[in-house]
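# Notes for the structure review
Here's the letter readout for the chains.
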Amino acid sequence: MDKASRRFTWLYAKSQLKLKYRYTALGFLWNLLEPGLFLGVLSFVFSVVNRMRIADYAVFLFSALVPWRYFEKVVTTCMDSIVQGDWLLKKLPVSPFALPVTRWIVASAEFGFSFLVVFVLFAVLKTQWTIHCLVLPLSAIPWSLLGLGLGLVCAALFTFFRDIRPVVQMGLMFAFFTAPILFKPDLFSGHSIQRAMIAWHPVTYLAALFQKPLYEGTWPSVLDWSVSFGVAAASLLAGFLLVRKSRGQFYFYL
Amino acid sequence: MSTLNGGGDVFRLEGVSVSFRRNAIEERSLKHALAALVKDRGPSLYRALQDVTLTVRRGEHVGVIGRNGAGKSTLLRVLARVITPQEGRVYVDRSCHVVPLLELGIGFQADLSGVENAHIAGALMGYSYADIDSKMEAIVDFAELDGFIHEPVKNYSSGMYARLAFALATDVEPEVLLVDEVFGVGDEFFMEKCVERMRRLMSGGTTTVFVSHNLDFLVGQCDRLIWLDEGRVVSDGPAPVVAKAYRAARGTS
């Protein structure tokens, strides 16, 4: 991105956040209550399914569900960012990266707010706090980069093929329900196909970056970090190369 | 897109062609792309610019004329680096600060104030927050928005909106200005103000490329006219000569 596009991206993202809350007295509060309510209902339902104490299950669930929702939001909002930015890309020589990156910044700020909710809830639910929680800012990085990378890939593809939205949504849904976010991996026996699938699922390792420090009170393993950062770097590279390669074509599809 | 190193040229186009697909919305789908692949069916194309070769030198004032659909706006978008042509080469002197004024108020957000919008739109034109801050008083003066600049622009009249956008683009004195028919906005008084501001910029050395249907205005302001028809350059030369030929061809001389 050139200097003008970087400057615009930052100012535009700030304005989007400002506008979101400017005219709504309860705007900021809703941003905290909405994920709180969602997490509350889910923890009640799934604690029954998983036969766990609700407080214990809620800590397990929230620890990976909050970063997942952030990742999902980045991918889905980035997807139509270039198409919806036609008012700009057809009039000024702005880098096409500016629009998905703006959505990513806005979603990242909202993720920060959501985590405030989680900490408030954890203050009630969690009995023991360990030093491992200090690693959480680092744990958020691969989630964020993976979301941006896939968001860029989806933004480029959606510009050319408007019918990929349901494909992406189904893919995300599949990834969510097959990853150990709602359920614990030890629900399945050691040699089952489900256990093997979990071991090969990249989200397993990303989820562990939050579940281990928050729920288990341990450090994420080297494998967790390696897989998470590896997948995030690969998706970011793919997204960057795809948007850069297609940038001259976007105008003709907007 | 390549860079011109020094010399007096700001833009140089060599054999530039731009084609648009005549595609309907449903053709922008994975389903259609796969079907086209199977049936080996290429897209139907419309050539907006065909083999255009021209140069714009530093300090020149160039007008682009032609009928609707002749390729004038496409040419301006190629110069502004908004469109990447499928064929030919575009050389741009990157040391020049180019401000495209293809539409007034690009980047304005209805719920943001005039000041906030000025910073966002200013960033799009390549100006820093400090640049815009230092010019804010002059911008407000020109746009006659004293007392309204902190109001959301959705409360502005169309004239106020246009004045702010035009003041923003021109008060910072760009080195190259690309203008696409933006003087049709606002009242007569505002138009006069805009033309006066443009004259001042042009006499101050700003390179300008105008797209307009107002031939008298172009002949009065430009050294040179480029006449486009069906995407091709029909004539490129001194403004009075090209204007005379254009009028003769249209039977309006």
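For the structure, see preceding data.
Residues numbered from 1 in each chain as written. Chains lettered and ligands numbered in written order. Predicted model: local features only at pLDDT ≥ 70, side-chain atom pairs only at ≥ 80, totals over all residues.

A separate point is the pairing of strand β4 (residues 61-65) of chain B. Residue and element names in this part refer to chain B. The buried fraction of β4 is high, at five of five residues. By the alternation rule, side chains of β4 split into H61, G63 and I65 and V62 and V64, which are all buried. As paired elements, β4 and strand β8 (residues 207-211) share four bridges and run parallel to each other. Bridge pairing links V62 to V209 in β8. Relative to strand β9 (residues 224-229), β4 runs parallel, the two being bridged by four bridges. Looking at the pairing, I65 lines up with W227 of β9. (Buried ≥ 20, exposed ≤ 12 C-beta atoms within 10 Å, placed from the backbone. Helix = DSSP H or I, 4+ residues; strand = E, 2+ residues; numbered from the N terminus. Pairing = 2+ DSSP bridges.)

Residues and elements named next belong to chain B. Here R81, not a glycine, exhibits a phi torsion of approximately 65°, which is positive. Looking at the secondary structure, you find R81 in the loop between α2 (72-79) and β5 (87-92). Among the residues examined, R81 registers 17 C-beta atoms within 10 Å and is labelled partly exposed. Of note, E230 is a non-glycine position whose phi angle comes to about 50°, a positive value.

On to the interface of chain A and chain B, then. Contact with chain A, which involves 23 residues of that partner, is made by 27 residues of chain B. By residue number, the principal contributor to the side of chain A that touches chain B is helix α1 (residues 3-22) of chain A, which donates eight residues. Considering only residue class, the side of chain A that touches chain B consists of 15 nonpolar, two polar and six charged. (Contact = placed C-beta atoms within 7 Å. Nonpolar A, V, L, I, M, F, W, Y, C, P; charged D, E, K, R; others polar.)

The next thing to look at is the sheet that holds β9 of chain B. Residues and elements named next belong to chain B. The six strands lie next to each other as β6-β7-β8-β4-β9-β10, forming an open sheet whose pairing is mixed. Each edge of the open sheet is held by one strand with a lone partner, namely β6 (98-101) and β10 (232-238). The mean angle between the axes of side-by-side strands here comes to 15°, regardless of whether they run parallel or antiparallel. (Axes fitted to C-alpha atoms, helices over the stretch in contact; angles between N-to-C directions.)

It is worth spelling out the pairing of strand β2 (residues 9-21) of chain B at this point. Residue and element names in this part refer to chain B. As paired elements, β2 and strand β3 (residues 45-57) share nine bridges and run antiparallel to each other. Paired with L13 across the two strands is L54, which belongs to β3. By the bridge criterion, five bridges tie β2 to β5 in an arrangement that is antiparallel. From the neighbouring strand, F11 faces β5, where its bridge partner is V92.

Moving on, we come to the packing of helix α3 (residues 54-79) of chain A against helix α8 (residues 165-178) of chain A. Residue and element names in this part refer to chain A. Two elements in contact, α3 and α8, have axes separated by 11 Å at closest approach and are oriented at 170°. Classified by the angle between their axes, α3 and α8 sit roughly antiparallel to one another. Residue-level contacts link W68, E72, V75 and M79 of α3 to R165, V168, L172 and F176 of α8. (Parallel < 35°, antiparallel > 145°, perpendicular 65-115°, else oblique.)

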